[in-house]
Amino acid sequence: MSPTDAPDPAAVRSFLEDFHDRFCADLEAMDGMAHFDSDAWTRAEGGGGITRVLNTGALFEKAGVARSVVSGDTLPPSATAHRPELAGRRWEATGVSLVLHPSNPYVPTMHANVRFFHAAGDPDVWWFGGGFDLTPYYGFDEDCRQWHATARDAVGTELYAEFKPWADRYFYLKHRNEARGIGGLFFDDFSGNGFSHAFEVMRSVAEHILPAYHPIVERRRDTPYGQRERDFQLYRRGRYVEFNLVWDRGTLFGLQSGGRTESILMSMPPHASWEYGWTAEPGSAEAALTDHFLQPRDWAY
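Residues numbered from 1 in each chain as written. Predicted model: local features only at pLDDT ≥ 70, side-chain atom pairs only at ≥ 80, totals over all residues. Heavy atoms only, no water.

1. Quick notes on the pairing of strand β3 (residues 60–72)
Counting buried positions along β3 yields 12 of 13 residues, so the element is predominantly enclosed. Note: strand β2 (residues 47–55) against β3, nine bridges, orientation antiparallel. Looking across to β3, one finds that asparagine 55 is bridged to lysine 62. Linking β2 to β3, which pair antiparallel, is a turn of four residues; within it threonine 56 sits at a positive phi near 45°. The pairing of β3 with strand β4 (residues 91–102) spans 12 bridges and is antiparallel. Looking at the pairing, phenylalanine 60 lines up with proline 102 of β4. (Buried < 20%, exposed > 50% of the residue type's maximum accessible area, 1.4 Å probe, protein only. Helix = DSSP H or I, 4+ residues; strand = E, 2+ residues; numbered from the N terminus. Pairing = 2+ DSSP bridges.)

Written out as C-alpha coordinates, the structure is:
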(Lines give C-alpha, C1' and ligand atoms only; values in the text may rest on other atoms or scores of the structure.)
Protein backbone atom coordinates (compact mmCIF):
# COMPACT_ATOMS: atom_id res chain seq x y z
CA MET A 1 0.00 0.00 0.00
CA SER A 2 1.37 3.42 -0.90
CA PRO A 3 1.77 6.00 1.92
CA THR A 4 -0.84 8.20 0.22
CA ASP A 5 -3.43 5.44 0.58
CA ALA A 6 -2.78 4.56 4.21
CA PRO A 7 -5.88 3.94 6.34
CA ASP A 8 -7.40 7.12 7.77
CA PRO A 9 -9.62 6.20 10.73
CA ALA A 10 -10.30 9.88 11.51
CA ALA A 11 -11.82 10.41 8.05
CA VAL A 12 -14.09 7.40 8.53
CA ARG A 13 -15.21 8.60 11.95
CA SER A 14 -15.97 12.05 10.54
CA PHE A 15 -18.09 10.64 7.71
CA LEU A 16 -20.03 8.34 10.01
CA GLU A 17 -20.75 11.12 12.50
CA ASP A 18 -22.17 13.29 9.73
CA PHE A 19 -24.08 10.37 8.19
CA HIS A 20 -25.62 9.49 11.55
CA ASP A 21 -26.94 13.04 12.00
CA ARG A 22 -28.25 13.34 8.44
CA PHE A 23 -29.93 9.96 8.43
CA CYS A 24 -31.79 10.61 11.68
CA ALA A 25 -33.02 13.96 10.36
CA ASP A 26 -34.24 12.27 7.16
CA LEU A 27 -36.09 9.58 9.13
CA GLU A 28 -37.83 12.18 11.28
CA ALA A 29 -38.98 13.92 8.09
CA MET A 30 -40.22 10.59 6.68
CA ASP A 31 -42.13 9.79 9.84
CA GLY A 32 -43.66 13.24 10.01
CA MET A 33 -44.60 13.12 13.70
CA ALA A 34 -42.13 11.57 16.15
CA HIS A 35 -38.57 12.55 17.04
CA PHE A 36 -35.53 10.61 18.17
CA ASP A 37 -34.47 10.39 21.79
CA SER A 38 -30.67 10.52 21.98
CA ASP A 39 -28.65 8.50 24.48
CA ALA A 40 -24.90 9.18 24.66
CA TRP A 41 -22.84 6.53 26.39
CA THR A 42 -19.23 5.67 27.20
CA ARG A 43 -17.48 2.33 27.45
CA ALA A 44 -15.07 1.67 30.32
CA GLU A 45 -12.69 -0.32 28.09
CA GLY A 46 -12.51 2.51 25.56
CA GLY A 47 -14.80 4.57 23.38
CA GLY A 48 -18.53 5.12 23.37
CA GLY A 49 -21.34 6.21 21.11
CA ILE A 50 -24.77 7.70 20.61
CA THR A 51 -27.90 5.58 20.34
CA ARG A 52 -31.01 7.29 18.98
CA VAL A 53 -34.43 5.67 19.19
CA LEU A 54 -37.78 6.85 17.81
CA ASN A 55 -40.97 5.25 19.14
CA THR A 56 -44.67 5.22 18.17
CA GLY A 57 -44.43 7.58 15.25
CA ALA A 58 -46.81 8.04 12.35
CA LEU A 59 -44.75 5.60 10.25
CA PHE A 60 -42.30 3.85 12.55
CA GLU A 61 -43.36 1.78 15.53
CA LYS A 62 -39.68 1.79 16.41
CA ALA A 63 -36.60 3.12 14.64
CA GLY A 64 -33.10 2.87 16.04
CA VAL A 65 -29.91 4.42 14.67
CA ALA A 66 -26.71 3.89 16.63
CA ARG A 67 -23.19 5.24 16.09
CA SER A 68 -20.26 3.86 18.06
CA VAL A 69 -16.50 4.11 18.30
CA VAL A 70 -15.16 1.37 20.56
CA SER A 71 -11.60 0.25 21.20
CA GLY A 72 -9.62 -2.16 23.31
CA ASP A 73 -6.42 -4.10 23.83
CA THR A 74 -7.83 -7.61 23.41
CA LEU A 75 -10.35 -8.94 20.93
CA PRO A 76 -12.93 -11.64 21.78
CA PRO A 77 -12.41 -15.19 20.50
CA SER A 78 -15.11 -14.73 17.84
CA ALA A 79 -12.86 -12.13 16.15
CA THR A 80 -9.43 -13.74 16.49
CA ALA A 81 -10.62 -17.21 15.46
CA HIS A 82 -10.54 -16.26 11.77
CA ARG A 83 -7.94 -13.46 12.05
CA PRO A 84 -5.24 -14.80 14.42
CA GLU A 85 -2.84 -11.99 13.45
CA LEU A 86 -5.04 -9.64 15.52
CA ALA A 87 -4.23 -11.35 18.81
CA GLY A 88 -2.61 -8.88 21.22
CA ARG A 89 -3.19 -5.80 19.04
CA ARG A 90 -4.93 -2.65 20.14
CA TRP A 91 -7.99 -2.17 17.97
CA GLU A 92 -10.75 0.31 17.14
CA ALA A 93 -14.12 -0.37 15.53
CA THR A 94 -16.48 2.37 14.37
CA GLY A 95 -19.81 2.15 12.62
CA VAL A 96 -23.43 3.15 12.23
CA SER A 97 -26.19 0.54 12.55
CA LEU A 98 -29.89 1.06 12.01
CA VAL A 99 -33.11 -0.93 12.11
CA LEU A 100 -36.52 0.41 11.11
CA HIS A 101 -39.70 -1.35 12.25
CA PRO A 102 -42.76 0.32 10.65
CA SER A 103 -46.23 -0.03 12.11
CA ASN A 104 -47.97 -0.94 8.85
CA PRO A 105 -47.37 -4.62 7.98
CA TYR A 106 -47.21 -3.70 4.29
CA VAL A 107 -44.10 -1.60 4.90
CA PRO A 108 -41.03 -3.85 5.29
CA THR A 109 -38.58 -3.81 8.15
CA MET A 110 -35.21 -2.52 7.02
CA HIS A 111 -31.75 -3.06 8.49
CA ALA A 112 -28.42 -1.54 7.47
CA ASN A 113 -24.98 -0.89 8.82
CA VAL A 114 -21.63 0.45 7.69
CA ARG A 115 -18.49 -0.09 9.74
CA PHE A 116 -14.70 0.11 9.82
CA PHE A 117 -12.17 -1.90 11.82
CA HIS A 118 -8.57 -0.86 12.37
CA ALA A 119 -5.71 -2.44 14.32
CA ALA A 120 -2.44 -0.54 14.29
CA GLY A 121 0.79 -2.44 13.71
CA ASP A 122 3.37 -3.33 11.10
CA PRO A 123 1.49 -3.57 8.88
CA ASP A 124 -1.84 -2.10 9.94
CA VAL A 125 -4.81 -4.45 9.70
CA TRP A 126 -8.07 -2.87 8.59
CA TRP A 127 -11.27 -3.58 6.70
CA PHE A 128 -14.72 -2.25 5.95
CA GLY A 129 -18.04 -4.04 6.28
CA GLY A 130 -21.72 -3.39 5.99
CA GLY A 131 -24.69 -3.58 3.69
CA PHE A 132 -28.46 -3.32 3.81
CA ASP A 133 -31.28 -5.87 3.69
CA LEU A 134 -35.07 -5.83 3.54
CA THR A 135 -37.53 -7.95 5.52
CA PRO A 136 -41.03 -7.72 4.04
CA TYR A 137 -44.11 -9.25 5.59
CA TYR A 138 -46.31 -8.85 2.52
CA GLY A 139 -44.20 -8.87 -0.62
CA PHE A 140 -44.48 -7.03 -3.93
CA ASP A 141 -42.34 -7.85 -6.95
CA GLU A 142 -42.05 -4.15 -7.81
CA ASP A 143 -40.54 -3.38 -4.41
CA CYS A 144 -38.08 -6.28 -4.57
CA ARG A 145 -36.86 -5.30 -8.03
CA GLN A 146 -36.40 -1.67 -7.09
CA TRP A 147 -34.62 -2.55 -3.82
CA HIS A 148 -32.09 -4.76 -5.57
CA ALA A 149 -31.62 -2.43 -8.55
CA THR A 150 -30.64 0.32 -6.12
CA ALA A 151 -28.31 -2.08 -4.29
CA ARG A 152 -26.63 -2.86 -7.62
CA ASP A 153 -26.29 0.87 -8.35
CA ALA A 154 -24.65 1.40 -4.96
CA VAL A 155 -21.69 -0.89 -5.62
CA GLY A 156 -21.68 -1.62 -9.37
CA THR A 157 -22.43 -4.86 -11.15
CA GLU A 158 -19.16 -6.61 -10.28
CA LEU A 159 -19.38 -6.10 -6.51
CA TYR A 160 -23.15 -6.65 -6.53
CA ALA A 161 -22.52 -10.10 -8.03
CA GLU A 162 -20.37 -10.80 -4.94
CA PHE A 163 -22.25 -8.97 -2.19
CA LYS A 164 -25.81 -10.00 -3.14
CA PRO A 165 -25.21 -13.78 -2.79
CA TRP A 166 -23.24 -13.04 0.39
CA ALA A 167 -26.35 -11.36 1.83
CA ASP A 168 -28.48 -14.35 0.80
CA ARG A 169 -26.11 -16.67 2.66
CA TYR A 170 -25.70 -14.46 5.71
CA PHE A 171 -29.31 -13.41 6.40
CA TYR A 172 -30.45 -17.00 6.64
CA LEU A 173 -31.98 -18.86 9.60
CA LYS A 174 -30.17 -22.16 9.35
CA HIS A 175 -32.23 -23.72 12.13
CA ARG A 176 -35.38 -23.09 10.06
CA ASN A 177 -33.88 -23.47 6.58
CA GLU A 178 -35.42 -20.12 5.71
CA ALA A 179 -34.27 -16.69 4.53
CA ARG A 180 -34.86 -13.77 6.87
CA GLY A 181 -35.95 -11.50 4.04
CA ILE A 182 -35.11 -10.68 0.44
CA GLY A 183 -31.51 -9.72 1.21
CA GLY A 184 -29.67 -6.92 -0.51
CA LEU A 185 -25.97 -6.38 0.15
CA PHE A 186 -23.57 -7.81 2.70
CA PHE A 187 -19.79 -7.51 2.84
CA ASP A 188 -17.13 -7.92 5.50
CA ASP A 189 -13.31 -7.95 5.73
CA PHE A 190 -13.38 -5.74 2.62
CA SER A 191 -10.23 -3.87 1.56
CA GLY A 192 -11.05 -3.51 -2.15
CA ASN A 193 -8.28 -1.93 -4.21
CA GLY A 194 -6.87 -0.08 -1.23
CA PHE A 195 -8.23 2.20 1.46
CA SER A 196 -9.54 4.98 -0.80
CA HIS A 197 -11.50 2.58 -2.98
CA ALA A 198 -12.89 0.56 -0.07
CA PHE A 199 -13.90 3.72 1.79
CA GLU A 200 -15.74 4.97 -1.29
CA VAL A 201 -17.65 1.69 -1.57
CA MET A 202 -18.71 1.96 2.07
CA ARG A 203 -19.80 5.59 1.59
CA SER A 204 -21.81 4.68 -1.50
CA VAL A 205 -23.60 1.90 0.36
CA ALA A 206 -24.50 4.34 3.14
CA GLU A 207 -25.79 6.98 0.73
CA HIS A 208 -27.99 4.46 -1.14
CA ILE A 209 -29.87 3.17 1.92
CA LEU A 210 -32.67 5.74 1.83
CA PRO A 211 -32.96 5.83 -1.99
CA ALA A 212 -33.54 2.05 -1.81
CA TYR A 213 -36.09 2.21 1.00
CA HIS A 214 -37.98 5.49 0.73
CA PRO A 215 -39.90 4.70 -2.51
CA ILE A 216 -41.17 1.45 -0.97
CA VAL A 217 -42.33 3.31 2.11
CA GLU A 218 -44.24 5.85 0.07
CA ARG A 219 -45.97 3.14 -1.99
CA ARG A 220 -47.10 1.09 1.03
CA ARG A 221 -47.44 3.30 4.12
CA ASP A 222 -51.14 4.08 3.59
CA THR A 223 -52.22 0.54 2.66
CA PRO A 224 -55.20 -0.47 4.82
CA TYR A 225 -54.67 -3.46 7.11
CA GLY A 226 -56.47 -5.33 9.88
CA GLN A 227 -55.79 -7.71 12.73
CA ARG A 228 -54.88 -10.59 10.39
CA GLU A 229 -52.03 -8.60 8.83
CA ARG A 230 -50.89 -7.32 12.22
CA ASP A 231 -50.80 -10.84 13.68
CA PHE A 232 -48.74 -12.08 10.74
CA GLN A 233 -46.33 -9.17 11.08
CA LEU A 234 -45.74 -9.99 14.76
CA TYR A 235 -45.27 -13.69 13.93
CA ARG A 236 -42.66 -12.90 11.29
CA ARG A 237 -40.93 -10.45 13.61
CA GLY A 238 -40.25 -13.48 15.78
CA ARG A 239 -38.02 -14.78 13.00
CA TYR A 240 -36.17 -11.47 13.03
CA VAL A 241 -35.48 -11.85 16.75
CA GLU A 242 -34.30 -15.43 16.28
CA PHE A 243 -31.76 -14.41 13.65
CA ASN A 244 -30.33 -11.56 15.70
CA LEU A 245 -29.89 -13.66 18.83
CA VAL A 246 -28.63 -16.84 17.18
CA TRP A 247 -26.73 -15.94 14.01
CA ASP A 248 -25.87 -12.23 13.85
CA ARG A 249 -22.08 -11.70 14.03
CA GLY A 250 -22.42 -8.08 15.11
CA THR A 251 -24.54 -9.02 18.10
CA LEU A 252 -22.05 -11.72 19.09
CA PHE A 253 -19.03 -9.41 18.70
CA GLY A 254 -20.71 -6.63 20.65
CA LEU A 255 -21.68 -8.83 23.58
CA GLN A 256 -18.36 -10.70 23.71
CA SER A 257 -16.29 -7.51 23.49
CA GLY A 258 -18.07 -5.92 26.43
CA GLY A 259 -20.30 -3.66 24.38
CA ARG A 260 -23.32 -1.85 25.71
CA THR A 261 -26.14 -4.39 25.79
CA GLU A 262 -28.94 -1.84 25.53
CA SER A 263 -27.49 -0.46 22.28
CA ILE A 264 -26.59 -3.88 20.86
CA LEU A 265 -30.18 -5.07 21.30
CA MET A 266 -31.63 -1.84 19.91
CA SER A 267 -32.43 -3.80 16.74
CA MET A 268 -35.16 -5.81 18.41
CA PRO A 269 -38.76 -5.03 17.41
CA PRO A 270 -40.99 -3.56 20.14
CA HIS A 271 -43.48 -6.42 19.78
CA ALA A 272 -43.18 -9.94 18.35
CA SER A 273 -44.94 -13.28 18.78
CA TRP A 274 -44.39 -17.01 18.37
CA GLU A 275 -47.18 -19.40 17.40
CA TYR A 276 -46.44 -23.08 17.82
CA GLY A 277 -46.75 -25.01 14.57
CA TRP A 278 -48.51 -22.19 12.70
CA THR A 279 -48.75 -22.56 8.91
CA ALA A 280 -50.09 -20.17 6.31
CA GLU A 281 -53.20 -20.98 4.31
CA PRO A 282 -52.13 -22.32 0.88
CA GLY A 283 -52.40 -19.69 -1.83
CA SER A 284 -52.70 -16.82 0.67
CA ALA A 285 -50.64 -13.64 0.72
CA GLU A 286 -48.99 -14.96 3.88
CA ALA A 287 -47.96 -18.19 2.13
CA ALA A 288 -46.59 -16.18 -0.79
CA LEU A 289 -43.96 -14.67 1.50
CA THR A 290 -42.10 -17.95 2.00
CA ASP A 291 -43.18 -19.65 -1.25
CA HIS A 292 -42.19 -16.78 -3.54
CA PHE A 293 -40.50 -13.78 -1.98
CA LEU A 294 -38.07 -15.51 0.37
CA GLN A 295 -36.77 -17.82 -2.36
CA PRO A 296 -33.36 -16.82 -3.81
CA ARG A 297 -33.74 -15.02 -7.11
CA ASP A 298 -32.04 -12.34 -9.22
CA TRP A 299 -34.42 -9.50 -8.47
CA ALA A 300 -32.26 -6.84 -10.12
CA TYR A 301 -32.35 -8.46 -13.58
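From this point on, the discussion continues.
2. A short note on the pairing of strand β5 (residues 109–119)
The side chains of a regular strand alternate between both faces of the sheet. Along β5, 10 of the 11 residues are buried, which leaves the element largely enclosed by surrounding structure. Of the pairings in the sheet, the one linking β4 to β5 comprises 10 bridges and is antiparallel in character. Across the sheet, residue alanine 93 finds its bridge partner in β5, namely phenylalanine 117. Hairpin connection of β4 to β5: six residues between the antiparallel strands. Of the pairings in the sheet, the one linking β5 to strand β6 (residues 125–135) comprises 11 bridges and is antiparallel in character. Paired with histidine 118 across the bridge in β6 is tryptophan 126. In textbook terms, the turn of a hairpin is the stretch between consecutive antiparallel strands, and for β5 and β6 this stretch comprises five residues.

3. Describing the environment of threonine 251
Its location among the elements puts threonine 251 in helix α7 (residues 249–256). Threonine 251 has contacts with Asn244, Ile264 and Leu265, leaving out every residue within four places of it along the chain. (Contact = heavy atoms within 4.5 Å.)

4. Here we look at the sheet that holds strand β9 (residues 183–190)
Sheet strands pair by backbone hydrogen bonding; their relative direction is either parallel or antiparallel. Strand order across the open sheet formed by seven strands is β1-β2-β3-β4-β5-β6-β9, with antiparallel pairing between neighbours. Since the sheet does not close on itself, it has two edges, and those belong to β1 (37–42) and β9, each with one partner. Geometrically, the sheet is characterised by an average inter-axis angle of 5° between neighbouring strands, direction not taken into account. Each of β5, β6 and β9 touches helix α4 (residues 195–207); the most contacted strand, β6, lies at about 20° to it. (Axes fitted to C-alpha atoms, helices over the stretch in contact; angles between N-to-C directions.)

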